[in-house]
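An overview of the molecular structure
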Number of protein chains: 2
Amino acid sequence: MINIAHSNSMELPPLGNNPSTHHAGTTPGSFANPPRVAPGAEGRWTFSSPDTPNMPQPSDKTAWDFLPDGWSTVELKEAAELVDFTSGAMRVVFLQSDDSRREVRIPAGFEPSTQLEWARVGVITPQMVRVAEREGHLTPAQVRDEIAAGRLVIPANKHHLKYQLDPMAIGRATKTKINANMGASPVSSSTDEEVEKLKWAERWGADTVMDLSTGGDLNACRVAIVQNSTVPIGTVPIYSMIIGRKIEELSHEIILESLEQQAQQGVDYFTIHAGVLREHLPFVVKRLIGIVSRGGSLLAQWMIRNSGQNPMYDRWEDICDIMRKHDVTFSIGDGLRPGGLADATDRAQLAELATLGELTERAWRKGVQVMIEGPGHVPFDQIEYNMKLQRTLCHGAPFYVLGPLVTDIFPGYDHITSCIGATAAAYHGASMLCYVTPKEHLGLPKKDDVKQGCIAYKIAAHAADVALGIPGTRDRDDELTKARAALNWEKHFELSFDPDTARAYHDEDLDVDTDFCAMCGHDWCSVRISKEIVEFASGKDENYQWNRAKVSAALTPEQREILEKRGHLSPQEIHQLASKTKKVVGANKDAKAACHSDVVDAESAKQIHVERLSSAT
Amino acid sequence: MINIAHSNSMELPPLGNNPSTHHAGTTPGSFANPPRVAPGAEGRWTFSSPDTPNMPQPSDKTAWDFLPDGWSTVELKEAAELVDFTSGAMRVVFLQSDDSRREVRIPAGFEPSTQLEWARVGVITPQMVRVAEREGHLTPAQVRDEIAAGRLVIPANKHHLKYQLDPMAIGRATKTKINANMGASPVSSSTDEEVEKLKWAERWGADTVMDLSTGGDLNACRVAIVQNSTVPIGTVPIYSMIIGRKIEELSHEIILESLEQQAQQGVDYFTIHAGVLREHLPFVVKRLIGIVSRGGSLLAQWMIRNSGQNPMYDRWEDICDIMRKHDVTFSIGDGLRPGGLADATDRAQLAELATLGELTERAWRKGVQVMIEGPGHVPFDQIEYNMKLQRTLCHGAPFYVLGPLVTDIFPGYDHITSCIGATAAAYHGASMLCYVTPKEHLGLPKKDDVKQGCIAYKIAAHAADVALGIPGTRDRDDELTKARAALNWEKHFELSFDPDTARAYHDEDLDVDTDFCAMCGHDWCSVRISKEIVEFASGKDENYQWNRAKVSAALTPEQREILEKRGHLSPQEIHQLASKTKKVVGANKDAKAACHSDVVDAESAKQIHVERLSSAT
């Protein structure tokens, strides 16, 4: 054995701006910027990814710059006494999470209604406490201050809180969230099927769900989904407004009535395409695929047929009053989002985005929580620009993006084409990712499409959170790596996001728990070899030590179904290799395979392997 | 109707460095750097993505700085006569693609053997001509000059050229390539199955294939794969070197004999883990998962048991002589690549990368073509650094990366976790992406896994090429967008990468060719609405005009199989909705659906829809 002595002779260029490397003690090089860390630790969390030069700079304004008439605020440098709001005082002074004090003056008799208004008067609501509990790396005071700044929203309709809603938050200070769309269309699906899809989406990690029903009994479906969901529910109210009438017949009154009805039903956020203006339509004329937002195209038709301005834009303050009363959060829609790479980042999209910034300011003045919806098709290199421009124009309001798809030629695989863009979008500043399923552009997603879409987006959200260095987000990856190093298959599967699928794929070839897998076999398992090198810590973590051979339980019906769906092995074939291997290596319950390195030395193992396994192959 | 007048009033921040936007005429803003364009057009192609500041800078050296003994070269500013090499002259002067002249002095009687050597003496080989033809945006002279600079390789073993090999090139100047791994393992698969997988991988777009067999008849399998492939074949020769012997028995002679044998069999590139040195092993000690490269772990065992240096490193020049004779290209292996996020970009990996740079220089001095292999698990934010550091240390030699995976907790979905990293890697400079299948970490990939892996990586490669603005790469996306805008389903499917799957998903709900799909239904189709807005060009491209209703052919067996694999609809259920819809909208062969907007106005269509379709739902 060579004596492994430590050496330190290596000169390398700096790693550069690298948020997540504060996890990796072994990473060489210095940092151009400090790594992202939790507030209070080595530095203040910046709540954002590094900016490439030439990118639009952050707005110097926050929601504090857009208070209602009669309000004023100032950050106090010197200490001041805390006045309890509940005493009805017209002046509130409270301690912010960065230890500065803020004074807020409000009109007499004002009663907060939204999470934003509670935050503005310094009150930490039970919902903020729950969010801090769920996020882990934030304090309730930080949650309140992010909400007051407009950078964080808690979509929690007062009526939905009476049912099963578990409050969550959307903003770059929190972990990245994902949304799953569902809803019956006139040609497919039913209310029961949609509620089943809701539960299925929750099972696979959807943080919010949008009911986009355009067919069947819309009210019944919406009420059923709100009452059965633990996650916030979003809708696009214009869909229900035009049932049974021509689009041009849509009146201001119908709009306000429908919004009031859905708000009372407990919907947590509304997508409202108020940013599509008459002045923007000329920018759409030469697009390859015009307007692909349903709400956007309907409102364009309304404006053309009625020669008028977007009614949602004209009645914005009235809409805000309804939103405020029930604390419904805005998801201001991007009706002019591009429908293909060719239309990405064009004048129509960017002109609307500027209007979304104006609507954000107006909503904040009315005390309503706001997030902004973002584009669906964007070439990979344009994603950071899109994220940073939204941050500039909308003063840091959370960005909720659809995908984006980074190529158009893979219909049937758009959960993949889009989760690539979604990862980059979240890393560059998006707060919530709206999933895309394999059925996108082709038909209404089925149950399995919902699962595939959710998983692709959990991957994107988690990869971005790790890259941003959000504290603790990489721990499970490291646990799984240790289980892998120890060749502890049971823990490997437990730590997997989808254990049944992982187990089924593994057992497809080899349903005996050896210290190698069917990919390389015994002699070729680099992980086993690393574990054997006594000097290496690899695979020797006592919590992961693999201590007895286990023959897997026969496949569960679910695992068998997974394999059958793969369709390239007949049920009879599935265990052929596995049982053969099991027989020849002689692994019985609670006994290790004869070739296991804990039972025999590598040489004898190899012997057994060559004699029994290879010959049997 | 409003009169849509064009307006130009919009001030927005610049788009910044944005290679691909020279496609998008509508993109506003100025460029920080010139967009990437084809040589000779608006500017010179830079063959790279934009650099984020603090990233390692490109090496100021190329392969021209590492010529064999007795060679010298100089770029001539003034004109000089061209001397034909075939005359056996010892001095060659030739015109480079940038119009400069280069003089090269070589020893008497020198005979070029590799593509690199031909390029160094100014000769454009038939393989270079074929590559220029396949790439489209490069001239044969540019291909030659990129090869001479060491930035491009053509892996084309002289013996493989006698069979069906269609020459291709790997380098950042060309389109991004993908590799598919296959090979029998001791516990799974056979030669026939591997050849079938080879054809399957070619069918799904693999640009090269690696035979990683470790079981069965290795020679027979390798020969069969070489003789049946139109794409370059790579191997990891150490696998066959240790069959039937202990790793520590591996001698320098056995190494050279095995390489000579595989070179004669026609293998186009060898992965050789010569960069794992004894001095690096201490850096591996504290890793979570040690060494995950099979070749790397075997050589580590060799060094420990024989207390010696890596034999591949010690005999590098002898190995180069074999490579040169048959023109086998090096794929210098990264034996210390990280096996989890926790081990990424650590001292072991970077120390080895520095050694790979030294080996590159030594190989170039021997006239051998070189590419470098890269890491498999890297947090998203560390990818650019990894790509740029390799470019610095290896002087621009093509980077061939595995994934990288950007999270570890999704076994069963690692084709997705890794194609996210692969897209970023290619955008930041990688030239070839080694696919990862859903079976990674779990077992040996089956036929369907090979397809899923190939498609995920075609997505990554194509998305990166579009982002880099490689001329023409976005054309097919735009064609498909136009077909979508025209609601021309036939062309939509034809232009899809996997038409059968796209068609099957579409027909799952609706196998009649209407001008809407089952996702939204007629009234809600934003694309149809955009098409109806007379002022819009959208959907009116005459080449895509949808001119007659077509009832889809009954599902082909392949399409039916795709749906059955999805497993969430019984065969009986599959067409239930579809045929219902077909019936009620009364679409017969060559007739449009009764609700089609070309037959009736939107109102009547809506009427028909409400009366027949919704009621039938």
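Residues numbered from 1 in each chain as written. Chains lettered and ligands numbered in written order. Predicted model: local features only at pLDDT ≥ 70, side-chain atom pairs only at ≥ 80, totals over all residues. Heavy atoms only, no water.

As for the side chain of Glu 260 of chain B
All names here are of chain B. Considering the arrangement of structural elements, one finds Glu 260 in helix H7 (residues 252-265). Note on Glu 260: relative accessible area 17%, which makes it buried. A polar contact of 3.3 Å, which involves the side chain of Glu 260, links it to the side chain of Lys 325. Setting aside its immediate chain neighbours within four residues, Glu 260 contacts Ile 322, Lys 325 and His 326. (Helix = DSSP H or I, 4+ residues; strand = E, 2+ residues; numbered from the N terminus. Buried < 20%, exposed > 50% of the residue type's maximum accessible area, 1.4 Å probe, protein only. Polar contact = N/O pair within 3.5 Å; in protein donor to acceptor, adjacent residues only side chain to side chain. Contact = heavy atoms within 4.5 Å.)

Digging into the pattern of salt bridges
Once their charged atoms are close, side chains differing in charge can pair, the charge on each being opposite to the other. Residues and elements named next belong to chain A. Here the structure, examined in full by the defined rule, presents 61 salt bridges over all chains. Put simply, Arg 324 and Glu 117 hold a salt bridge, and the shortest N to O gap is 2.5 Å. Separated by 207 residues along the polypeptide, Arg 324 in helix H11 (residues 316-326) and Glu 117 in helix H1 (residues 115-120) bring together distant segments of the chain. Classification of Glu 117 by relative accessible area gives buried; the value is 2%. Here Arg 305 makes a salt bridge to Glu 248, at a shortest N to O gap of 3.0 Å. Placement of the pair is Arg 305 in helix H9 (residues 294-306) and Glu 248 in the loop between helix H6 (238-241) and helix H7 (252-265), with a sequence separation of 57 residues. Exposure remark for Glu 248: the relative accessible area of 25% places this residue in the partly exposed category. What emerges from the salt-bridge pattern is a single network uniting Arg 130, Glu 133, Arg 134 and Asp 166. (Salt bridge = Lys/Arg side-chain N within 4 Å of Asp/Glu carboxyl O.)

Digging into the packing of helix H2 (residues 126-135) of chain A against helix H3 (residues 140-148) of chain A
All names here are of chain A. Contact geometry of H2 with H3 gives a least axis separation of 8 Å together with a crossing angle of 115 degrees. The angle between H2 and H3 places the two elements in the roughly perpendicular class. The hand of the H2/H3 crossing is right-handed. Contact residues: Met 128, Val 129, Val 131 and Ala 132 in H2; Pro 140, Val 143, Arg 144 and Ile 147 in H3. Residue composition of the contact of H2 with H3, by class: seven nonpolar, no polar and one charged. (Axes fitted to C-alpha atoms, helices over the stretch in contact; angles between N-to-C directions. Parallel < 35°, antiparallel > 145°, perpendicular 65-115°, else oblique. Left-handed = near helix turned anticlockwise from the far one by under 90°. Nonpolar A, V, L, I, M, F, W, Y, C, P; charged D, E, K, R; others polar.)

Re the domain arrangement of chain A
All names here are of chain A. Entries for chain A in the domain assignment read domain 1 (20-70 + 146-468) and domain 2 (473-535 + 553-579). Taken together, the contact between domain 1 and domain 2 spans eleven residues of the former and seven residues of the latter. Together, the buried faces of domain 1 and domain 2 total about 870 Å²; carbon and sulfur atoms form 60% of this surface. Taken together, the connections running from domain 1 to domain 2 amount to one salt bridge. (Domains from an automatic or database assignment. Buried area = accessible area lost by both parts, 1.4 Å probe.)

Section: the pairing of strand S12 (residues 399-402) of chain A
All names here are of chain A. Of the two faces of S12, the one carrying Phe 399 and Val 401 and the one carrying Tyr 400 and Leu 402 are both buried. Pairing of strand S11 (residues 370-374) with S12 involves three bridges; the strand directions are parallel. Bridge assignment links Gly 374 to a residue of S12, and that residue is Val 401. Relative to strand S13 (residues 432-434), S12 runs parallel, the two sharing three bridges. (Pairing = 2+ DSSP bridges.)

Quick look at the UniProt feature "binding site: Zn(2+)" (unreviewed entry) in chain A
Residues annotated in UniProt with the feature "binding site: Zn(2+)" (unreviewed entry) correspond here to His 377 and His 441 of chain A. On the basis of their most widely separated C-alpha atoms, the annotated residues across 65 residues gather in one place, lying no more than 12.5 Å apart. Counting through the fold element by element, His 377 of chain A comes out in the loop between S11 and helix H13 (383-393). What makes His 377 of chain A buried here is its relative accessible area of 6%. When near neighbours in sequence (up to four residues on either side) are disregarded, His 377 of chain A contacts Pro 338, Gly 339, Gly 340, Leu 341, Ala 344, Pro 404, Leu 405, Asp 408 and His 441 of chain A together with Arg 484 of chain B. At a separation of 3.4 Å, a polar atom in the side chain of His 377 of chain A contacts the main-chain carbonyl oxygen of Gly 339 of chain A. Tracing the backbone through its elements, the reader meets His 441 of chain A in the loop between S13 and helix H15 (447-468). Overall, the relative accessible area of 16% leaves His 441 of chain A in the buried class. There is a polar contact of 3.0 Å between the side chain of His 441 of chain A and the side chain of Asp 414 of chain A. (UniProt positions renumbered as here; feature names shortened; annotations may be inferred.)

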